[in-house]
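Summary of the model geometry
Okay, here's what each chain looks like letter by letter:
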Amino acid sequence: MSKFIRLSSKVTLSILASFFLFSCSKDADLLSEYVIKTDDSQLEISLLINDTFFMNEGQTTILMDVLNNDNLSSNSTVTIIETSNPINGVVTINDDNTLTYKVGDDTSPEETTPEENTPEETTPAEETTPAEETTPTDETAPTEETTPEEDTFTYTAEVVNEETGEVTEEQATVTVSVSDNGPVKAFPSAYGGGSNATGGRGKALAIINTLDRNKTLTYYPAENGNDEYYEGGLFPAMQNENVGYIVFNISGNIQLGVGGTQNQFGYDGMGGVNNKTIFGQSAPQGGITLTGGSFRLNGRYGDNQNLIFRFLRSRPIYDKNGAKGNIDGIADDDSFTWAFLFYGGNDIIVSNSSASFSYDKAMGGYVDALVAAEGNTVYNLTFQDNIVADSHTNMAMGVNPNKDNNPEDKIDYISINGNVFIGSNRTPNVSWNGQSEIINNVVYEVGSKMINTYYQLNLNHINNWHGIPTNSTSYKTHAYQDVGVTEKVYPIIYTTGNFYEGWTNPLRSNVNNENKKIWTDFYDRTIPLADSFFTNNKHAHPNIPNQLIPASAEEAYNSKIINRNVGANKYLDNSGNAQTFLDPLDEYFLNAVQTRLDKKWHQVSEWVLPNIPSNTRPNSYDSDKDGMADAWEIKTFGNLNQSYRGDFDGDGYENIEEYMNQVDSE
């Protein structure tokens, strides 16, 4: 017997079940076995109640526990023996008396059975070429199936009265409808372009129990009441197509090696990363830091789809040659090393992470002629609530000028909200033809420029806070750069509510009341941009979902700097409770803003990892290996019998997401 739910036979429930993007052949493992029980000994006649289940728009698979609301005698054994054929999909009867409805044709078990993913197949990818890892195939192409508005079928159950031996058959109808509530967000506090990413929802769990990034995964099938799961290193988990959820049972520094992912997987970075949620908050106190090299993910051939990264730190420290490259002690741009870089990809959100000590940009993404030539894009990204600091430059999203294949048309719907940018240029750069929002960021002591933009971008630039050291005159401007393209196009900027502390230059007088005065020509910062660059009406941005409702610039500052609601600042303790922890370096960065510290940034002699706790979870933390603390499961569910892929409260978030999302409500 495996995961089960105890249900009262007299209560009729309407359950919303949302399980995204997993194949029918694995459904027997998804919740393991249910045992449907009833405390009612008085009912002698079984009755199956008709059911209605809802699917989100675009969802293709749903797992249905159709017996959970039926009035059945406590001395009866019920087995679903057959179903009719729905018009728009197929139904599978699972071993646990649940049903799986899948839109379209069935998928053969051979294509999706996780047992085929042997340890040899999860060996780190340096054993194969990057091209072999990342070239898309027909099997991995996105499905064209869409959710029908409604479908129906019947199921028949055999009911055996254990006292009398009488056998009867009962029948009920199931209706599958599309919900009008919209997609479930990546997590409750997700906003903007990437906020509807589903990450690893519906897929298998990998538990990272080592700081060896390349340790081969070991697969543990569902048995003895436990879900299936993997254990091993981070990189094989990221590339394993069966793995969706990644948690850490260890804290510490994961060394990426000289050159990082580009050295291990090729210049484009690590390929084959899709449909993943990486829960950095799952690590014990101390968290996870990626270090020693660049962390770049390759979406050139269509990967980097549907990713959620939370509560991670990335601090390369060393350049592509494994040195602290510098000119007179100041970090030199190696045009290579990023802390977080997405080279192509769609539906991505990076939240509550920290990026610093990088020799190119700290965080961002781009497309170029090569990505565009493959027909791929960078659509729907969010960077929110991150600390981005003390790198050669901070953040860049977009396209370099004058490239073949018009890559400026292959990037869109980008949200950069609630981040703290410290000590570097590009806060951020945004350059493409499309939509973007930059809201409620805190910007402190930049280099030669703040935001730099070009191409025909419709930009909402709202309620950001900007500061400089006390008594400093190093105020800078946002800029438009004429990139020399033959056909001139210009951004249209909605800028309002932005605050600039200490900007007293007469050329920038009254900038807090007239934000457009802070925008200038890139080459001559004394030349303000013409009125034609600006609009008095906020861009609607209809393709950016879940748009953030801005707080004031002062409220953003207080939230991020005073209250420390930013960066990799949360973790779940051994009892499964959300706790606060910022490592000493992030504390230093935020204190620099709070005290208006005046310092010289980018000094490589100061690029040193701080000491952080190095902890391993005790075996008693998660005895059933489902990524959730036993103590929390008992408190929340009453036992350890719930699947990490179940949805106990029917809100669309799977149980492991519910557990991890505690950090959003603290």
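Residues numbered from 1 in each chain as written. Predicted model: local features only at pLDDT ≥ 70, side-chain atom pairs only at ≥ 80, totals over all residues. Heavy atoms only, no water.

Next up on the list: unusual backbone geometry. In this structure, P428 follows T427 across a cis peptide bond, with omega equal to 0 degrees. Tracing the sequence through the fold places P428 in the loop between strand 28 (420-422) and strand 29 (429-431). Although it is not a glycine, D347 adopts a positive phi angle of roughly 60 degrees. Turning to its location among the elements, D347 is positioned in strand 21 (residues 345-351). With a relative accessible area of 30%, D347 lands in the partly exposed category. (Helix = DSSP H or I, 4+ residues; strand = E, 2+ residues; numbered from the N terminus. Buried < 20%, exposed > 50% of the residue type's maximum accessible area, 1.4 Å probe, protein only.)

Within the secondary structure, D412 is located in strand 27 (residues 411-417). If near-sequence neighbours (up to four positions away) are discounted, D412 is found in contact with V378, Y379, N380, W432, N433, G434 and Q435. (Contact = heavy atoms within 4.5 Å.)

Our next topic: the confidence of the model for the chain. Looking at the chain, pLDDT values average 85 and 83% of them are 70 or higher. Per-residue pLDDT stays below 50 along residues 1-46; that stretch engages in 146 contacts with residues further than four places along the chain or on separate chains. (pLDDT = per-residue confidence, 0-100.)

Here we take up the sheet that holds strand 26 (residues 393-398). Sheet architecture is open: eight strands sit in the order 15-20-23-26-29-32-35-38, paired in parallel fashion. The sheet terminates laterally at strand 15 (296-298) and strand 38 (519-521), the two strands that pair on one side only. With strand direction ignored, the average angle separating the axes of adjacent strands in the sheet is 15 degrees. Note: strand 29 against strand 32 (residues 452-454), three bridges, orientation parallel. When the sheet's bridge partners are listed, V430 is paired in strand 32 with T453. (Pairing = 2+ DSSP bridges. Axes fitted to C-alpha atoms, helices over the stretch in contact; angles between N-to-C directions.)

What follows covers helix 9 (residues 630-637). The set of residues buried in helix 9 consists of D630, W632, E633 and F637. Summarising the axial view, the buried residues of helix 9 lie within an arc of 160 degrees, below the 170-degree limit, and thus occupy one face. Where helix 9 terminates, the next one or two residues include G638, which has phi positive at roughly 95 degrees. (Arc of directions from axis to C-beta.)

Okay, the pattern of salt bridges next. For side chains of opposite charge, pairing can occur when their charged atoms come near one another. Here the structure, examined in full by the defined rule, presents 15 salt bridges. The salt bridge involving R201 is made with E657; its shortest N-O contact spans 2.8 Å. With a gap of 456 residues between them, R201 in the loop between strand 7 (167-178) and strand 8 (204-208) and E657 in helix 10 (residues 655-660) connect regions that are remote in the sequence. The class of R201 is buried, set by a relative accessible area of 1%. Overall, the relative accessible area of 3% leaves E657 in the buried class. For K599, the salt bridge identified is with E606, shortest N-O distance 3.2 Å. Judged by relative accessible area, K599 falls into the buried class, the value being 16%. A network of salt bridges, in which partner residues are shared, links R313, R315, D583 and D586. (Salt bridge = Lys/Arg side-chain N within 4 Å of Asp/Glu carboxyl O.)

What follows concerns helix 8 (residues 584-594). For helix 8, the full list of buried residues reads L585, D586, F589, L590, A592 and V593. Angular distribution of buried residues about the axis of helix 8 spans 150 degrees; they occupy a single face of the element. Among the residues trailing helix 8, R596 stands out with phi positive, at a value near 55 degrees.

Following the criterion strictly, the structure yields 27 aromatic pairs and no others. Aromatic pair Y245 and F279: ring centres 5.8 Å apart, planes at 25 degrees, arrangement stacked. Here the residue Y245 occupies a position in strand 11 (residues 243-248), and F279 occupies one in strand 13 (residues 274-279), the gap between them amounting to 34 residues. Aromatic pair Y490 and F533: ring centres 5.4 Å apart, planes at 80 degrees, arrangement edge-to-face. Placement of the pair is Y490 in the loop between strand 35 (478-480) and strand 36 (492-496) and F533 in the loop between strand 38 and helix 7 (553-562), with a sequence separation of 43 residues. The exposure class assigned to Y490 is partly exposed, which follows from its relative accessible area of 41%. (Phe/Tyr/Trp six-rings, centres within 6.5 Å; stacked < 30°, edge-to-face > 60°.)

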